[in-house]
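What follows is each chain in one-letter form.
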Amino acid sequence: MKHLPRYGKRPILHYGFTLIEVLVALGIVAIALTAGLKATASLGRNAVRQSDVLLAQLCAENELIKLRLAQQMPGVGDSSSDCAQAGEILQVQTSVRPTPNPNFLRVDAKVFKNKEAQFQITTVMGRN
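What counts, and where the lines are drawn
- Residues numbered from 1 in each chain as written.
- Predicted model: local features only at pLDDT ≥ 70, side-chain atom pairs only at ≥ 80, totals over all residues.
- Heavy atoms only, no water.
- Core = buried A, V, L, I, M, F, W, Y, C linked by side-chain atoms within 4.5 Å.
- Buried < 20%, exposed > 50% of the residue type's maximum accessible area, 1.4 Å probe, protein only.
- Helix = DSSP H or I, 4+ residues; strand = E, 2+ residues; numbered from the N terminus.
- Contact = heavy atoms within 4.5 Å.
- Pairing = 2+ DSSP bridges.
- Axes fitted to C-alpha atoms, helices over the stretch in contact; angles between N-to-C directions.

**Points about the nonpolar core**
Now for step 1: Counting residues in hydrophobic clusters, the biggest one holds 15 residues, and the most contacted among them are Cys 59, Leu 90, Val 92, Val 107 and Val 111.
Now for step 2: When residues of this core are traced back to their parent elements, those giving at least two are α1 (19-68), β4 (88-98) and β5 (104-113).
Now for step 3: The element best represented in this core is α1, accounting for 6 residues.

In C-alpha cells:
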C-alpha cells in the first residue's frame with residue numbers, strides 16, 4: 001500500500017499485516033490446536049481403555065481355565081471372585097447355566113472394574 005508524501009518526499013511503503021489479518025490467523029491456529037488437543041486426549045483415553053480390556057480379558061480367561069482344570073463339571077449357579085492384574089483388582093462374575101444337552105454347560109464370565117463392565121466372554125464346557 002503506498003501513501004503519497006505531504007511535502008514532496010519519496011512514497012513510504014508499509015509492509016506487514018493488519019490487525020484483522022493477525023486475528024484471523026490467530027483464530028485459525030487456535031482452532032487447529034484445539035482439534036489437536038482433543039485428538040491427543042482421545043488417544044490417551046483409548047490407550048487406557050485398551051489396557052483395561054486386556055487385563056479384564058486375562059482375568060476372564062483365567063477364570064474359565066480354572067474351571068476347565070478342575071477335572072469336573074462346575075455346579076450350575078453364579079459365583080464371584082477378585083482378580084489382581086497389574087496392580088489393579090477386578091471383579092469376575094461367573095455364571096454357569098445348563099444347556100438342552102446335559103453333557104454341556106454354558107459358562108459366562110463378566111469382568112468389572114469399579115462396578116463398570118469391562119469384558120464378557122461365553123463358552124460351552126463339556127464332560128471330559
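**Concerning the side chain of Asp 52**
Now for step 1: Here Asp 52 lies in helix α1.
Now for step 2: Note on Asp 52: relative accessible area 11%, which makes it buried.
Now for step 3: With residues up to four places along the chain from it excluded, the contact list for Asp 52 reads Glu 88, Lys 113 and Gln 118.

**Overview of the environment of Gln 85**
Now for step 1: By secondary structure assignment, the location of Gln 85 is in strand β3 (residues 77-85).
Now for step 2: The class of Gln 85 is buried, set by a relative accessible area of 16%.
Now for step 3: Sequence separation between Gln 85 and Ala 56 is 29 residues; the distance between their C-alpha atoms is 8.4 Å.
Now for step 4: Setting aside anything within four residues of it in sequence, one finds Gln 85 in contact with Leu 55, Leu 58, Cys 59 and Asn 62.

**Focus: the sheet that holds strand β6 (residues 116-126)**
Now for step 1: Taken in spatial order, the 4 strands make up an open sheet running β3-β4-β5-β6, and their pairing is antiparallel. The open sheet has two edge strands with one neighbour each: β3 and β6. On average, each strand axis in the sheet is tilted by 20° relative to the strand beside it, whichever way the strands run.
Now for step 2: Two elements, β3 and β4, share 9 bridges in a ladder whose sense is antiparallel. Note that in β4 the partner of Cys 83 across the bridge is Leu 90.
Now for step 3: Packing against the sheet, α1 makes contact with β3, β4, β5 and β6, and its axis sits at approximately 30° to β6.

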